[in-house]
Amino acid sequence: MDFATRAWNHSFPFDPIVRSLLDTDFYKLLMQQLIWEEYPNVQVSWKLTNRTKTIRLAEEVDLGALREQLDHARSLRFTPSEIIYLRGQTFYGQSGIFKEGYVNTLQSFQLPDYELGTEDGQIVLRFAGSWWETTMWEIPALAIVNELRARAVLAQMSRSALDILYARAKVKLYAKLERLRGLAGLNLTDFGTRRRHGFLWQEHCVLTAAEVLGAEFTGTSNVFLAMKHGMEAKGTNAHELPMVLAALARQREPGDADALRQSQYEVLRKWQNEYQGNLLVFLPDTFGTSQFLDGAPQWVSYWTGARPDSKDPFEAGEELIGFWRRMGLSPEAIAANKLIIFSDALDVEIAGFEPNGGDIAALHAAFAGRVQLGFGWGTNLTNDFLGCHPADPDALRAPSLVCKIETVNGHGAVKLSDNYAKALGPADEVTAYREVFGAEGLREALVKV
């Protein structure tokens, strides 16, 4: 693909960013099926948030173009071939993972409506309605905003500058992959859909990684790309599940601290009734990793593994190994049978560039042989253009965009995280949750200050 020529000749009447409802992360389908079965009447609202306040998205992204892309996404339907794929494909070695009733429902599925505006230089984008329907907006909304912002920067560049930009980005990508090549049992997966530079660039990154790494590149979270290129579709579960179940517990039993604490394990009970094997990977940090592991019942240790997210990855890895040891597993059993999937802000150190996150090679060196490893590589795989723009090295710095649940049945939803800066929710609810779960993220923030 000649990306520079395509960007320079970008004169299409309309160039869709999202081309399929399968252009999403695999875990959205896994979660949607569970939500559709267990919580069909729960009403939620989502909000897109730009955590990189120095990037004033509403001043860079044309709202008319954004509305056009969102409307196009709403016009999409699952095609007959996509329905056949979901119905018949084997995922994680399991056939029939998507049940007939759910797949039949997808045949008429449409993304619900949205609310769009601006405030203080930022885009205000919300989705409200049934949880099982609105959950499918998260990934396309993020991908659309990211790519429109990239297109706005590219539109200001000359033909030669575009040549230089993409040449440098390709060299940088290849250097990272060369650095990873040869790491035994690497198990690297693309997790880069939500914050990608663009769909075609993500496809280039995925195909290049498969070429350079061979069997050590084990798939992509993007279901459309997995289907198109015969790759494994990969994914686990996300923060929205414990966020919603905690909010529901607060509504059912206000003031019951134990009910709120137990809601994070109720998520896992529901999940293990639906899925098995390598899909049993828990996400412990929604309300703080340490409290989650300290209070986890024995059966949580029977799950295949964990995906630490917002804590320092080296600290999180050691904490997880310590958890399994406390639960009675020997070091040999952990090394043979337990899985840690690192996925938060991963990168690779190469000459001339410091890693913009946890270094995959260093994590591999620290934990290989002690536990089974997986790496879900996101933004710094599919949207790393730092230092590539010939005039402004930071021009295409990827903003930290998230799209999270804001309310559940009209009540505020909360995420505490291990990183205090990532806490979300109404101030009074955040305070109430911290009284129950503790304030790990706050302690970390104070230590860093």
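Residue positions are given per chain, counting from 1 as you read along its sequence in written order. At least 70 in pLDDT is required for a residue's local features to be given in this predicted model, at least 80 for side-chain atom pairs to be given and counted, and no such filter applies to totals for whole chains, interfaces and linings, which use all residues. Hydrogens are left out, water is left out, and the side-chain values use all remaining heavy atoms of the structure.

> Account for the packing of helix α9 (residues 159-180) against helix α10 (residues 199-213), with residues named and values stated.
Axes here refer to lines fitted to C-alpha atoms; in helices the fit is confined to the stretch in contact. Angles between the N-to-C directions go from 0 to 180 degrees. Helix and strand labels come from DSSP, where a helix needs a run of H or I of at least four residues and a strand needs a run of E of at least two; each type is numbered from the N terminus. The geometry of α9 relative to α10 is characterised by a closest axis approach of 10 Å and an angle of 35 degrees between their N-to-C directions. As α9 packs across α10, the resulting crossing turns out to be right-handed. Contacts from Tyr166, Ala169, Lys170, Leu173, Tyr174, Leu177, Glu178 and Leu180 in α9 reach Trp201, His204, Cys205, Thr208, Ala209, Val212 and Leu213 in α10. Class assignment of the residues belonging to the contact of α9 with α10 gives a composition of 11 nonpolar, two polar and two charged. Crossing handedness is defined as follows: a turn of the near helix away from the far one that is anticlockwise and smaller than a right angle gives a left-handed crossing, while the clockwise case is right-handed. In what follows, residue pairs with any heavy atoms lying within 4.5 Å of each other are defined as contacts. Gly is put with the polar residues, along with every residue not named as nonpolar or charged; the nonpolar set is Ala, Val, Leu, Ile, Met, Phe, Trp, Tyr, Cys and Pro, and the charged set is Asp, Glu, Lys and Arg.

> Could you give an account of the sheet that holds strand β3 (residues 122-130), naming the residues involved and the relevant values?
Strand pairing is assigned whenever DSSP identifies at least 2 bridges connecting the two strands. Pairing in this open sheet of five strands is antiparallel, and the strands run β2-β3-β1-β12-β13 from one edge to the other. Looking at strand neighbours, the two that pair on one side only are β2 (115-119) and β13 (411-412), the edges of this open sheet. Bridging between strand β12 (residues 401-408) and β13 involves two bridges; their strand directions are antiparallel. Across the sheet, the residue bridging to threonine 407 is glycine 412, located in β13. Of the strands in this sheet, β1 (43-50), β3 and β12 are in contact with helix α8 (residues 138-154), which crosses β12 at around 140 degrees. Packed on one face of the sheet, helix α12 (residues 240-252) meets β1, β12 and β13 and runs near 20 degrees to β12.

> Provide a residue-level description of unusual backbone geometry, including the pertinent values.
Phi angles above zero are rare outside glycine, and asparagine 187 is one such case at about 60 degrees. Judged by its relative accessible area of 24%, asparagine 187 is partly exposed. Per-residue accessibility, obtained with a 1.4 Å probe over protein chains only, is compared with the maximum for each type, and a residue is labelled buried under 20%, exposed over 50%, and partly exposed between these values.

No statement about biological role is implied by the geometric values presented.
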